[in-house]
Amino acid sequence: MDGKGRGGSMAAAKALLDAHPLRNLCASPGKRVLVLRGQASLGQALKLLAQHAVLAAPVVEDGYNGTESVHFYSDQWPRGEPFPNVVGFVSAHDILGGCLLEVQEALGHAKTVADDAQTMRMLELHVPDVESRKLRSLPGMQDGDFLFAAEMQRTLLDVVQNSFLCPRHLHLDDPPMLDSRRPKGNRSGPSHMEDVPRFIHRMAILDDDDRICDVVSVSDVMAFLLRHVRELGALAYMQVRDLRLGLEKEVFTIKANEPSIKAFAGMYERGYSSAAVLSSITGIMIGNISMSDLRCLDLGQFGRLALPVSDFILYTESVRSSVQDVARTRIRDSKGRKFLRRPRLVTCTAAATFEEVLKLLVHNSVHRVYVIDDLSLPIGVITPTDILQLLAGTDV
């Protein structure tokens, strides 16, 4: 389909997003949101993310009024007391990046991370230093933004185009902080933006007292689109191949017998959150490994990243599931190595419709759908951000 035809099919979707305010995505008031303080260590942050089964959490300035707690819940913050400034969002991706940077510095070069077991020994050697580092010293933490209560009236189209796909820090001269009390002027002229993300996946919503009352993510937008799929017109029935959805970008792949640290280092270097796992013999896609798997590890267990990808996935699934559940999903690749065919590996073909892709994302609670060909080889990957770029007319 040419650009004109595809653009015409977006009109109904844009009209839908333009007709609904952001407040339609938000939960009822008083939602409990995990909030981390800048004084938390990387080890504490990783454990808290795992305990709460979340991919990321907002980070605020260090403790107020003498409190030493490294985390709290937004609904428990005393009314009338100034809420700490929001300085960013932290994820397992950021924490792993901090670990990799430490190893790179220790080895004296940046290109050999994950090359061999020596790197893993260096990682374990430096784990105590990394684990005690404070969140406030961690680079990045920009996969998120904040919105004030007054902005709840903004349309979803505006939020998609000017927040999710064009976050606030792209318009600031000092992007490292998401300071909720930053003056609202002087937002022109981005500088030193090479490492600043071009889009974000979540936003903290501040209430009238500047307390975090909710977190809205791109997954919430996907659920909204699916609820209103009949209002999308012809777009709902268009195929992935016609939309070119997820088909025009690199699919990062890793062989099942390669060390897991190589997969995670490759993700971090490329700014990706997952990798397609291929059989070491046939080359077909047999699994998926993602940054969210790191929530199953303490920093003290990072030596497990020396395991082959197949064994690492088995380990993470054994943490999440009962032994019986894991045993039922074990298979063997052509070398006889036990491998876990993960139930959350979600795929489609290029013939899948837009509605079918939405259902796969929402009903499976996943952040990516791999597009495979007739030989089960990955030829593309569709994420919620790809869909937002398509609807907003900013896809490339």
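Counting of residues starts from 1 at the beginning of each chain's written sequence and follows it residue by residue. Two thresholds apply to this predicted model, a pLDDT of at least 70 for residue-level local features and 80 or more for giving and counting side-chain atom pairs, whereas whole-chain, interface and lining totals are computed over all residues. Note that water and hydrogens are dropped before the side-chain values are worked out from all heavy atoms of the structure.

## Some points on the pattern of salt bridges
1) Next: Definition used for salt bridges: Asp or Glu carboxyl oxygen within 4 Å of a side-chain nitrogen of Lys or Arg. Taken as a whole and judged by the stated rule, the model has 11 salt bridges.
2) Next: Salt-bridge contacts for glutamate 258 lead to lysine 262; the nearest nitrogen and oxygen are separated by 2.6 Å.
3) Next: Across the pair lysine 359 and glutamate 355 runs a salt bridge whose closest N-O atoms are separated by 3.5 Å. Of this pair, lysine 359 and glutamate 355 are both found in helix H12 (residues 354-363), 4 residues apart, which corresponds to roughly one turn of the helix.
4) Next: What makes lysine 359 partly exposed here is its relative accessible area of 36%.
5) Next: For every residue, the accessible area obtained with a 1.4 Å probe (protein chains only) is divided by the maximum for its type, and the residue is called buried under 20%, exposed over 50%, and partly exposed between those limits. Residue classification places glutamate 355 among the buried residues on the basis of a relative accessible area of 12%.
6) Next: Here the residues in one salt-bridge network are Glu151, Arg154 and Asp158, joined through shared partners. Secondary structure elements follow DSSP: runs of H or I no shorter than four residues count as helices, runs of E no shorter than two count as strands, and numbering proceeds from the N terminus.

## Notes on the nonpolar core
1) Next: The criterion is simple. A nonpolar core is a set of buried Ala, Val, Leu, Ile, Met, Phe, Trp, Tyr and Cys residues joined through side-chain atoms within 4.5 Å. Phe164, Leu225, Leu232, Phe354 and Ile387 are the most contacted members of the largest nonpolar core, which totals 51 residues.
2) Next: Per-element tally for this core: the top contributor is helix H7 (residues 218-227), with 6 residues.
3) Next: Whether two residues are in contact is decided by their heavy atoms, any of which lying within 4.5 Å being enough. Once you skip the residues sitting within four places of it in the chain, phenylalanine 354 turns out to touch Leu232, Leu235, Ala236, Met238, Leu243, Leu245, Ile387, Leu390 and Leu391.
4) Next: Among the nonpolar cores identified, the runner-up in size contains 42 residues, and Val70, Val90, Leu138 and Ile313 belong to it.

## Overview of the confidence of the model for the protein chain
1) Next: Confidence in the prediction for the protein chain averages 78 pLDDT; 73% of positions are at 70 or higher.
2) Next: Element-level mean pLDDT values for the protein chain span from 41 in helix H11 (residues 323-328) up to 97 in H12.
3) Next: Every residue carries a pLDDT, the predictor's confidence in it, which falls somewhere between 0 and 100. Confidence drops under a pLDDT of 50 for residues 109-114, and excluding neighbours within four residues, the segment shows 13 contacts in the predicted structure.
4) Next: Contacts of residues 170-196 to residues separated by more than four positions or lying in other chains number 54 contacts, the stretch itself having pLDDT below 50.

## So, the side chain of serine 91
1) Next: Of note, serine 91 is situated in strand S4 (residues 86-91).
2) Next: With a relative accessible area of 12%, serine 91 lands in the buried category.
3) Next: Ignoring any residue separated from it by four or fewer positions in sequence, one finds serine 91 in contact with Leu49, Leu55 and Ala56.

## A word on the sheet that holds strand S3 (residues 71-73)
1) Next: In spatial order, the strands read S3-S1-S2-S4; together these 4 strands make up an open sheet with mixed pairing. Looking at strand neighbours, the two that pair on one side only are S3 and S4, the edges of this open sheet. Put simply, the sheet's adjacent strands are angled 35° from each other on average, direction ignored.
2) Next: By definition, two strands form a pair when at least two bridges between them are found by DSSP. Here 3 bridges tie strand S1 (residues 34-37) to S3, and the two strands are oriented antiparallel to one another. Counterpart to valine 35 in the pairing with S3 is phenylalanine 72. Throughout, an axis means a line fitted to C-alpha atoms (over the contacting stretch in the case of helices), and angles, computed between N-to-C directions, take values from 0 to 180 degrees.

## Digging into unusual backbone geometry
1) Next: At alanine 53, a residue that is not glycine, the phi angle is positive and equals roughly 55°.
2) Next: Of note, alanine 53 is situated in the loop between helix H3 (42-51) and strand S2 (56-60).
3) Next: On the basis of relative accessibility, which here comes to 57%, the residue alanine 53 falls in the exposed class.
4) Next: Positive phi, close to 50°, is recorded for serine 365, a residue that is not glycine.
5) Next: Turning to its location among the elements, serine 365 is positioned in the loop between H12 and strand S14 (369-372).

## Section: the packing of aromatic side chains
1) Next: Planes of paired rings set the category: under 30 degrees apart is stacked, over 60 is edge-to-face and the rest tilted, where pairs are Phe, Tyr or Trp rings (Trp by its six-membered ring) whose centres lie within 6.5 Å. Counted according to the given criterion, the structure contains 5 aromatic pairs.
2) Next: Measuring from ring centre to ring centre gives 5.4 Å for tryptophan 77 and phenylalanine 83, while their planes differ by 70°; the resulting arrangement is edge-to-face. Each member of the pair tryptophan 77 and phenylalanine 83 is classed as buried.
3) Next: Look at phenylalanine 264 and phenylalanine 312: their rings are 5.6 Å apart centre to centre, the planes differ by 80°, and that puts the pair in the edge-to-face class. Of the two residues, phenylalanine 264 sits in helix H9 (residues 260-270) while phenylalanine 312 sits in helix H10 (residues 309-320), which places them 48 residues apart along the sequence. Exposure class is identical for phenylalanine 264 and phenylalanine 312. Each is buried.
4) Next: Ring-pair connections join several aromatic residues into one group, and the members of that group are Phe72, Trp77 and Phe83.

## Some remarks on the pairing of S2
1) Next: Counting buried residues along S2, 5 of its 5 residues qualify, which places the element largely inside the surrounding structure.
2) Next: This β-α-β element, S1 to H3 to S2, shows right-handed connectivity.
3) Next: Sheet analysis places S2 next to S4, joined by 5 bridges and oriented antiparallel. Within the sheet, the bridge partner assigned to alanine 56 lies in S4 and is serine 91. Whether a crossover is right-handed depends on one test, that the path from the first strand over the helix to the second runs clockwise when the strands point away from the viewer.

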